[in-house]
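Results of the structural survey
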Amino acid sequence: MKFLIIFLLFFSVSSNASYCLLEDVNGNLKIDSTSIESCSSGMILLSKSEYDAINIDSIVATLKDLFEFSVEDFAYFNAICLIGFIVGHSVGRVNRLLGKT
């Protein structure tokens, strides 16, 4: 039902702006006059041009910027793991050797 209301609101609004949506006590959605930056409900009604601007390429680019790491970072992490393995293995061998005497 909420999807239908949002769909109808989307086509009933004639300007090209985003709106903050609030849910009243009956579960109905209404457009609020607050800015989308301070929208307390977390529900935002987008205009068609803003919805069209959100495409999969921009989402993938954002995710790559957030989670992609460089070759140098991978080499550093790999070196730390290798050094930790060698040191741990050596300490285990020395501990085993000293435990038998």
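Look up: the structure comes first, before these words.
Below: a short report on this structure. (Residues numbered from 1 in each chain as written. Predicted model: local features only at pLDDT ≥ 70, side-chain atom pairs only at ≥ 80, totals over all residues. Heavy atoms only, no water.)

Re the state of the cysteines
- Taken as a whole, this structure holds one disulfide when the rule is applied.
- Across the disulfide from C20 sits C39; the S-S distance is 2.0 Å. Looking along the S-S bond of the C20-C39 disulfide, the torsion reads about 70°, which is the right-handed sense. Pair noted here: C20 is in strand β1 (residues 19–23) and C39 is in the loop between β2 (29–32) and β3 (43–45), with a separation of 19 residues, a long-range link. (Disulfide = S-S within 2.5 Å. Helix = DSSP H or I, 4+ residues; strand = E, 2+ residues; numbered from the N terminus.)

Some thoughts on the pairing of β1
- Here three bridges tie β1 to β3, and the two strands are oriented antiparallel to one another. By the bridge assignment for β3, L21 is matched with M43.
- Pairing geometry for β1 and β2, over four bridges, is antiparallel. Residue pairing in the sheet places C20 in a bridge with D32 of β2.
- Turn length for the β1-β2 hairpin, with the two strands adjacent in sequence and antiparallel, is five residues, and the turn residue G27 shows positive phi of about 90°. (Pairing = 2+ DSSP bridges.)

Things to note about the sheet that holds β2
- With antiparallel pairing, three strands are arranged side by side in an open sheet as β2-β1-β3. The sheet is open, and its two edges are formed by β2 and β3, each paired on a single side. The mean inter-strand angle of the sheet, taken between neighbouring strand axes irrespective of direction, is 45°. (Axes fitted to C-alpha atoms, helices over the stretch in contact; angles between N-to-C directions.)

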